[in-house]
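One letter stands for each residue in the lines below.
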Amino acid sequence: MKRLITAAFLAAAASGANAEDVKLQLKWVTQAQFAGYYVAKDKGFYEEEGLNVTILPGGPDIAPTQVIAGGGADVVVEWMPAALAAREKGLPLVNIAQPFKSSGMMLTCLKETGIKEPKDFADKTLGVWFFGNEYPFLSWMSQLGFKTDGSPGGVTVLKQGFNVDPLLQKQAACISTMTYNEYWQVIDAGISPDDLVTFKYEDQGVATLEDGLYVLEDRLADPAFQETMVKFVRASMKGWKYAEENPDEAAMIVLENDQTGAQTEAHQKRMMGEVAKLTAGSNGALDPADYERTVATLLAGGSDPVISKAPEGAWTHMITDKALAN
């Protein structure tokens, strides 16, 4: 028996020694927004592909684009507007997979401010996330004809931190929220849904792609790295589909990986239920129409990503086509 155990241990050790290391940098802290990756690791999907994946949580002081630029990660989770903005500045990011099909971004407003529809934003203060997340908002305001400099008839932009305090403290009429996170923080703070008005970016026609997987383009010139990313995408999408079908279990796996102890079971299960709506319909491949919509939204808002240099999903199709073929 001892010899069998030793043999099994040595075989497992050898397998681990031959595994390909991959570092994944998340866009934010450990939460159900990234459940697919934690599920893939927990269920052994990465291991089945011969990968040893390290998942690096993000946070308010961690910019995925800076991490990958400095060599701290092989692949990052990022929103396409931020990725295109980074590419414009010289960081050759390319999208290799797009697990999120729909946008979860919205403005959440206090009904008492008199806001019933977008035209009512005039002369109001609106909370906006920056660091690349402001581009869809600016496009929306441009389409509505609102200046964003606080001038009469326009809107005043409050640079919002990653919390909901400006709404709770009534510093802003509306704040940026995600369907799966900050909106529920407002509810948990004691404000009734009946006292809120929400505007989903998807419904307003200004949604952009969120939570895609990005790598440095020059690294994909290496066939070995390219094959590693094929395996990574294949296992990750397997994790995402498992999470969609088993949301409560996926939420518990996320909780097991939360080193801060800040997350709660109720919030993560609720978040996973909302995130599953955003990943539904995606097999990992970037839909050209979604890409074009994102670019059109950015240009309408005055952003000028170097679209001529963007691969328009070429690498995504190369990676995901191989991943889906097996």
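Residues numbered from 1 in each chain as written. Predicted model: local features only at pLDDT ≥ 70, side-chain atom pairs only at ≥ 80, totals over all residues. Heavy atoms only, no water.

Student: Pulling in residues and values, what's your account of the packing of aromatic side chains?
Tutor: Counting across every chain of the model gives 11 aromatic pairs. Ring geometry for Tyr37 versus Trp240: centroids 5.6 Å apart, planes at 85°, classification edge-to-face. On the criterion of sequence distance, the pair formed by Tyr37 in helix α2 (residues 35-42) and Trp240 in helix α10 (residues 223-245) is long-range, its members being 203 residues apart. Per residue, the accessibility class of Tyr37 equals that of Trp240, and both read buried. Where Trp129 meets Phe162, the ring centres are 6.2 Å apart and the plane angle is 25°; that geometry is what we call stacked. (Phe/Tyr/Trp six-rings, centres within 6.5 Å; stacked < 30°, edge-to-face > 60°. Helix = DSSP H or I, 4+ residues; strand = E, 2+ residues; numbered from the N terminus. Buried < 20%, exposed > 50% of the residue type's maximum accessible area, 1.4 Å probe, protein only.)

Student: Please set out the pairing of strand β2 (residues 51-56) residue by residue, giving values where relevant.
Tutor: Of the two faces of β2, only one is covered, namely that formed by Leu51, Val53 and Ile55; the face formed by Asn52, Thr54 and Leu56 stays uncovered. Of the pairings in the sheet, the one linking strand β1 (residues 20-25) to β2 comprises six bridges and is parallel in character. Within the sheet, the bridge partner assigned to Lys23 lies in β2 and is Thr54. (Pairing = 2+ DSSP bridges.)

Student: Give me the environment of Ile191: which residues, what numbers.
Tutor: Structurally, Ile191 can be placed in the loop between α8 (182-188) and β9 (196-200). Residues Ile191 and Gly239, 48 residues apart in the sequence, show an inter-C-alpha distance of 35 Å. In contact with Ile191, not counting residues within four places along its chain, are Leu110, Leu168, Val186 and Leu196. (Contact = heavy atoms within 4.5 Å.)

Student: Explain the state of the cysteines residue by residue, including any values.
Tutor: Considering all chains together, one arrives at one disulfide under this definition. Paired by a disulfide, Cys109 and Cys174 hold their sulfur atoms 2.1 Å apart. Since a negative S-S torsion denotes a left-handed disulfide, the Cys109-Cys174 link at about 105° is right-handed. In this pair, Cys109 sits in strand β5 (residues 105-110) while Cys174 sits in strand β8 (residues 174-178), placing the two residues 65 residues apart along the sequence. (Disulfide = S-S within 2.5 Å.)

Student: If you had to explain unusual backbone geometry to someone new, which residues and values would you point to?
Tutor: Trans peptide bonds make up the majority, and among non-glycine residues the majority have a negative phi. For Lys170, which is not glycine, the phi dihedral falls at a positive 60°. With respect to the helices and strands, the residue Lys170 is situated in the loop between α7 (165-168) and β8. Not every positive phi belongs to a glycine, and Asp211 is a case in point at roughly 45°.

Student: Which residues make up the nonpolar core, and what are the values?
Tutor: Soluble, globular proteins show a tendency: their nonpolar side chains are buried together. Tyr37, Phe121, Met229, Phe232 and Met272 are the most contacted members of the largest nonpolar core, which has 69 residues in total. With nine residues, the single largest contributor to this core is α10. Setting aside its immediate chain neighbours within four residues, Met229 contacts Val22, Val75, Ile96, Val215, Leu220 and Ile319. (Core = buried A, V, L, I, M, F, W, Y, C linked by side-chain atoms within 4.5 Å.)

Student: Tell me what's going on with the pattern of salt bridges, and back it up with residues and numbers.
Tutor: Pairing between side chains of opposite charge can happen when their charged atoms approach one another. Applying the stated criterion to the full structure yields 17 salt bridges. Linking Arg293 and Glu202 is a salt bridge whose minimum nitrogen-to-oxygen distance equals 4.0 Å. One end of the pair, Arg293, is in helix α13 (residues 288-300); the other, Glu202, is in helix α9 (residues 201-204), and 91 residues separate them in sequence. Relative accessible area serves as the criterion here: at 27%, Arg293 is assigned to the partly exposed category. By relative accessible area, Glu202 is classed as partly exposed at 29%. Between Lys277 and Glu274 there is a salt bridge, with the nearest N and O atoms lying 3.2 Å from each other. (Salt bridge = Lys/Arg side-chain N within 4 Å of Asp/Glu carboxyl O.)

Student: Break down the side chain of Gln33 for me, with residues and values.
Tutor: For Gln33, the position within the fold is in the loop between β1 and α2. In terms of polar contacts, Gln33 uses its side chain to reach the side chain of Gln31, at 2.7 Å. Among the polar contacts listed, one links the side chain of Gln33 to the side chain of Asp211, at a separation of 3.0 Å. When near neighbours in sequence (up to four residues on either side) are disregarded, Gln33 contacts Trp28, Phe100, Tyr180, Asp211, Trp240, Met271 and Val275. (Polar contact = N/O pair within 3.5 Å; in protein donor to acceptor, adjacent residues only side chain to side chain.)

Student: Tell me what's going on with the confidence of the model for the protein, and back it up with residues and numbers.
Tutor: Residue-level pLDDT values for the protein average 90, and 91% of them are 70 or greater. The low-confidence segment residues 306-310, where pLDDT is below 50, has nine contacts with residues more than four positions distant or belonging to other chains. (pLDDT = per-residue confidence, 0-100.)

Student: Tell me about the side chain of Asp120, residues and numbers included.
Tutor: Locating Asp120 in the fold gives a position in the loop between β5 and β6 (125-128). For Asp120, a relative accessible area of 16% gives the class buried. At a separation of 2.8 Å, a polar atom in the side chain of Asp120 contacts the main-chain amide nitrogen of Lys116.

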